[in-house]
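Observations on the model geometry
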Amino acid sequence: MKKKWFKNKALIDAITKTTRFKVIFFFVIIIALIGGLTDTPPRKELFTAILNYHSSFIFTVGFSLVFLLATLNTCLEFYANDTYLIRLKNKKNVLKHLIILVLQINGLLFLCYAIVYILVLNINMLDCYDTIPIFQYSIKSNIYSIFFAIRAYLLIMIFMVINTILFVILKENKTIIINLIYLLIFPIYDPLVAIHFRLLPWDYFSVINYGCFAKELKYSIFYILLLVIVSILLFIFATKKKTERKSL
Amino acid sequence: MKIEIKNVSKKFKDINALENVSMTLESGKIYGFVGHNGSGKTVLLKLICAFLEPSTGEILFDGVNVIKENSFPPSTRALIERPNFLSDLTGKENLELLARIQNKIGEKEIEETIEKVGLKQVENRLYYKYSLGMKQKLGIAQVLMENPDVLILDEPFNGLDEDSAKNIREILLKEKEQGKLIILATHIKEDMGLLCDEFYKFNDGIVTKEEKK
């Protein structure tokens, strides 16, 4: 375990020292600062501020883009190291290693974002820790915020796994185009017109009334499982399809 | 180990990097790929390593088409172009990192290889402080350390001083005696004269076998 950590730590260190990663990190911090400093609802409740910002357009699109760039950067750096790749024996192992690395680096970015955002928001809001009811749910805004954050984390990570596999299958340009098309749907799409089960990821980055919390929880779990199945199918396809790296 | 390259061509958009290349490479020999920069040597090395796929034709390792199986060639190590080591690790740590992927060798083998290529004095120096020659030696060390059956070296003598180049030549001859299949690519034929058993000349994607003089 210690050896495995050393192996990945060395790679993570190398990738996080690249200029591209530093630029991405800078944008993550900017997004955290914007959220922490500017979003102050009239009653100044901390948890309402968290939910407001994280269901906003600027957050969803900005966050998705920086994580996409971080993922592509990790993929490009990883594939540049052919002495490493040839020792992984086959392309299935290569993809497995790459996905783990992407999850670790994106997890690190997410953690940095959360720390900076919460810290700045706390300073900005001072001691406004009041909770308010969320719709007619049986839980209050503090618990709902934690649920919202965990769901956002899981969704971002699964989407980045999907993007990693898309990178391997389609290369970086087509992956960016697919993501941009996806992101452009967001401003013209109104979640209120959606039917009961929501398929677009934006619905899970928005505060939408499902009638009761249990129903929202159930739909969220179902949606995450659906994405996991999509990731597994893409993984199987990518490891069976013959792929070569332009960068090699 | 026997590598059969059968009617392999490689196209990049409209450019023919390699045209209908066929050759058979066998253990216990050193093969020299000679040609000017951009003649297709490195492309063929990458195809052999399965980093690229041929546009047509196939490459077999003991009869197995590794590209079809989405694998990399068995027991093969390569130094192609600039080795991409981690700059904030020492030379030795970089080798340890690579060795841990397959866990075939331990500290002892890594130390022996470092000694063999002449990096003992600087094994604990950070990689980014290495000179071009030291980086090249480290690249060669990662090829040698796990005792592979096939060694692929692209411009192995780049940046090496005369003594170091002589040392590497001796190492390669010893590896050959142990039955290894070695492929060397260079744009300077004189590098290879004493080493290679067979030569292949690369000229704008066309490969011809040359007799050893």
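Residues numbered from 1 in each chain as written. Chains lettered and ligands numbered in written order. Predicted model: local features only at pLDDT ≥ 70, side-chain atom pairs only at ≥ 80, totals over all residues.

Digging into the overall build of chain A
In terms of regular secondary structure, chain A is built from 8 helices and 0 strands. Starting at the N terminus and walking to the C terminus, you meet the elements of chain A as α-α-α-α-α-α-α-α. For chain A, the proportion of its 248 residues judged to be buried stands at 34%. Long-range contacts, defined as pairs at least 24 residues apart, comprise 77% of the intrachain contacts of chain A with a sequence gap of at least 6. (Helix = DSSP H or I, 4+ residues; strand = E, 2+ residues; numbered from the N terminus. Buried ≥ 20, exposed ≤ 12 C-beta atoms within 10 Å, placed from the backbone. Contact = placed C-beta atoms within 7 Å.)

With respect to the overall build of chain B
When helices and strands are tallied, chain B shows 5 helices and 9 strands. Overall, chain B shows an N-to-C arrangement of helices and strands of β-β-β-α-β-β-α-α-α-β-α-β-β-β. Scaling as 2.2 N^0.38, a compact globule of 213 residues should have a C-alpha radius of gyration of about 17 Å, and chain B matches this with 17 Å. Once the C-alpha set of chain B is aligned to its principal axes, its extents read approximately 45 × 40 × 35 Å. Expressed as a percentage of its 213 residues, the buried residues of chain B come to 45%. Put simply, of all contacts in chain B between residues at least 6 apart along the chain, 69% involve residues at least 24 apart. (Rg over C-alpha atoms; globule rule 2.2 N^0.38 Å.)

Concerning the sheet that holds strand β4 (residues 56-61) of chain B
Residues and elements named next belong to chain B. Pairing in this open sheet of 3 strands is antiparallel, and the strands run β2-β1-β4 from one edge to the other. Every interior strand has two partners, whereas the edge strands, β2 (15-26) and β4, have only one. Going across the sheet, the axis of each strand differs from the next one's by a mean of 15 degrees, ignoring polarity. Sheet topology places strand β1 (residues 2-12) next to β2; 8 bridges connect them, and they run antiparallel. Its bridge partner lying in β2, Lys11 is registered against Asn16. (Pairing = 2+ DSSP bridges. Axes fitted to C-alpha atoms, helices over the stretch in contact; angles between N-to-C directions.)

What to know about the interface of chain A and chain B
Bring the parts together and some accessible area is lost; that lost area is often taken as the interface size. Taken together, the contact between chain A and chain B spans 23 residues of the former and 24 residues of the latter. Secondary-structure elements contributing two or more residues to the side of chain A that touches chain B are α1 (2-16), α5 (82-85) and α6 (91-125) of chain A. With 5 residues, the single largest contributor to the side of chain A that touches chain B is α1(A). Taken together, the residues of the side of chain A that touches chain B break down into 7 nonpolar, 4 polar and 12 charged. (Nonpolar A, V, L, I, M, F, W, Y, C, P; charged D, E, K, R; others polar.)

Quick notes on the packing of helix α2 (residues 19-38) of chain A against α6(A)
All names here are of chain A. Contact geometry for α2 and α6: axes closest at 8 Å, N-to-C directions at 30 degrees. In terms of their interaxial angle, α2 and α6 are classed as roughly parallel. Crossing of α2 over α6 shows right-handed handedness. Along its contact with α2, which presents Phe25, Val28, Ile29, Ile31, Ala32, Leu33, Gly35, Gly36 and Leu37, the element α6 presents Leu109, Cys112, Tyr113, Val116, Tyr117, Val120, Leu121 and Asn124. (Parallel < 35°, antiparallel > 145°, perpendicular 65-115°, else oblique. Left-handed = near helix turned anticlockwise from the far one by under 90°.)

Details of the sheet that holds strand β3 (residues 30-35) of chain B
In sheet architecture, strand pairing relies on hydrogen bonds along the backbone and comes in two forms, parallel and antiparallel. All names here are of chain B. The strand order across the open sheet formed by 6 strands is β5-β6-β7-β3-β8-β9, and the pairing between neighbours is mixed. The open sheet has two free edges, formed respectively by β5 (76-79) and β9 (206-210), since each of these has just one partner strand. Each neighbouring strand pair of the sheet contributes to a mean axis angle of 15 degrees, computed without reference to strand direction. Where β3 lies against strand β8 (residues 198-203), 5 bridges are found, and the strand directions are parallel.

With respect to the pairing of β8(B)
Residue and element names in this part refer to chain B. Across 5 bridges, the pairing between β8 and β9 is antiparallel. Residue pairing in the sheet places Tyr200 in a bridge with Lys209 of β9. Adjacent in sequence and paired antiparallel, β8 and β9 are bridged by 2 residues, among which Asp204 carries a positive phi angle near 45 degrees.

Some words on the confidence of the model for chain A
Of the residues in chain A, 85% have a pLDDT of 70 or more, and the chain-wide mean is 83. Least confident of the elements in chain A is α1(A), whose mean pLDDT is 72; most confident is α6(A), at 92. (pLDDT = per-residue confidence, 0-100.)

Topic: the confidence of the model for chain B
Looking at chain B, the pLDDT average stands at 91 and 98% of residues meet or exceed 70. Across the interfaces of the predicted complex, the ipTM metric reaches 0.88, alongside a pTM of 0.84.

A word on the environment of Thr42(B)
All names here are of chain B. Checked against the element boundaries, Thr42 lands in helix α1 (residues 41-48). Exposure remark for Thr42: the 20 C-beta atoms within 10 Å place this residue in the buried category. Taking the C-alpha atoms as reference, Thr42 lies 9.3 Å from Thr186; in sequence the two are 144 residues apart. Not counting the four nearest positions on each side in its chain, Thr42 is found in contact with Ile80, Glu81, Asp154 and Ala185.

With respect to helix α3 (residues 107-117) of chain B
Residues and elements named next belong to chain B. For α3, every residue scored as buried is listed here: Ile110, Thr113, Ile114 and Val117. Buried residues of α3, viewed axially, fall in a sector of 100 degrees; they line one side. Turned more than 90 degrees off the buried face of α3, the exposed positions are Lys108 and Glu115. Buried residues along α3 sit in contact with α2 (91-102) and α4 (132-144). Once α3 finishes, Gly118 follows within two positions and takes phi at roughly 85 degrees, a positive value. (Arc of directions from axis to C-beta.)

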